[in-house]
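# Notes for the structure review
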Amino acid sequence: MSEKSFFPVHHPDYRYSVSKNPYWEKLQGLSNRVYCDHQTEAFHGRCLELFPQAARGKLTVEVGCNAGHVIVESAFQNPGESFIGIDWKFKPIYRGAEKASKRGLQNLGFFRAHAERLPFMFGNGEIDRLNFYFPDPWPKKAQIKNRFFNSERLRLIAPLMKPGGLFHIKTDHRGYFEWMIQAIQENLNLWEILSVSENLHRDDPAPHLLDFPDVTLFEKLFIRDQIPIHEIKLQVRR
Ligand SMILES: C[S@@+](CC[C@H](N)C(=O)[O-])C[C@H]1O[C@@H](n2cnc3c(N)ncnc32)[C@H](O)[C@@H]1O
């Protein structure tokens, strides 16, 4: 039976639909830290408890992590910290969780969820570092309302960050970059701009040699096609 939520995705009473995606079933069969839909909201305010004591240093969350290329390497290189990758696609989350399991990573979890529900997944002051790499730009006028990054979202995310927490953003899309800068300027009371680059790899003589976690899967393609990468680093003001 299929169930359609009456409420929009950012509403507290939103319900995830029952999915017929074959990877939904497969995800239920995984025994490592991978959660789907409403399960991802069960750890609100205590996400670090998902991880062993030795990994409870800092919590990094990557929104739109796809199959976890970056976050798997980050978790591997930082065993004393915890990591959660979020994506709304079932198959990439499954692939990411498979990789984490094969590498025996105890400090990495995956959430199959809508990023719009971030405030229901994380409590106040829980996130040390939020990464947002190459989000879908929704370039057409009628699609712009679908962009994850906007002024209201910056206001909603700020309280979820630990005092001094960092928000790292990269995009290849000039229009989305300008849109982000506009939204940030409307929230300078909450966020400080640490740095902005309009061509991140300009001074690197061999950017095509960069690898995960320093670049993402999409970033590698943009580097190959010589498309400039825009980067923004923000710090929450608290
Ligand atoms: C363009 S891809 C970039 C993937 C990866 N960050 C990289 O740089 O290689 C955008 C990713 O964000 C995910 N995504 C888009 N909108 C999302 C949303 N509202 N909630 C969760 N994931 C989302 C997509 O499924 C996709 O994996």
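Here goes a summary of the coordinates provided. For clarity, every value in this text was computed on a predicted model and none was experimentally measured.

Definitions and limits used
- Numbers given for residues are sequential positions, taken from 1 along each chain in its written order.
- Given that the model is predicted, a residue must reach a pLDDT of at least 70 before its local features are reported, and side-chain atom pairs must reach 80 or more before they are shown or counted; all residues, however, enter totals for whole chains, interfaces and linings.
- Helix numbering and strand numbering both begin at the N terminus, where a helix is a DSSP run of H or I of at least 4 residues and a strand a DSSP run of E of at least 2.
- Note that contacts rest on C-beta atoms placed from the backbone: two residues are in contact if these are within 7 Å.
- Residues are counted as near a molecule or strand when the C-beta atom, derived from backbone positions, lies within 6 Å of that molecule or strand.
- The residue classification treats Ala, Val, Leu, Ile, Met, Phe, Trp, Tyr, Cys and Pro as nonpolar and Asp, Glu, Lys and Arg as charged. All others, Gly included, are polar.
- Given the number of residues in a helix, its expected span is that number minus one, multiplied by 1.5 Å.
- Once C-beta atoms are placed from the backbone, each residue is buried if 20 or more other C-beta atoms lie within 10 Å of its own, exposed if 12 or fewer, and partly exposed for counts between those two.

Mapped onto the elements, Asp172 comes out in the loop between strand E6 (161-171) and helix H6 (174-185). A C-alpha to C-alpha distance of 24 Å links Asp172 and Arg155, two positions 17 residues apart in sequence. Each residue touching Asp172, except ones within four places of it in the same chain, is listed here: Phe134, Phe222, Ile227 and Ile229.

Another point: the site of the ligand. Surrounding the ligand, one finds 19 residues, the nearest of these being Gly64, Ala115, Phe134, Thr216 and Phe218. Counting residues per element, the ones that place at least two in the shell around the ligand are strand E3 (82-87) and helix H7 (217-224). Considering each element in turn, the shell around the ligand owes the most residues, three residues, to H7. Residue composition of the shell around the ligand, by class: ten nonpolar, four polar and five charged.

An ideal rise of 1.5 Å per residue puts 18 Å on 13 residues; helix H3 (residues 90-102) measures up with 18 Å between its terminal C-alpha atoms. Inspection of H3 places Pro92, Ile93, Tyr94, Gly96, Ala97, Lys99 and Ala100 among the buried residues, and these make up the whole buried set. Looking at the buried positions of H3, the neighbouring elements they touch are helix H1 (22-28), strand E1 (34-36), helix H2 (69-77), E3 and strand E4 (108-112). Backbone geometry just after H3 places Gly104 at a positive phi near 65°.

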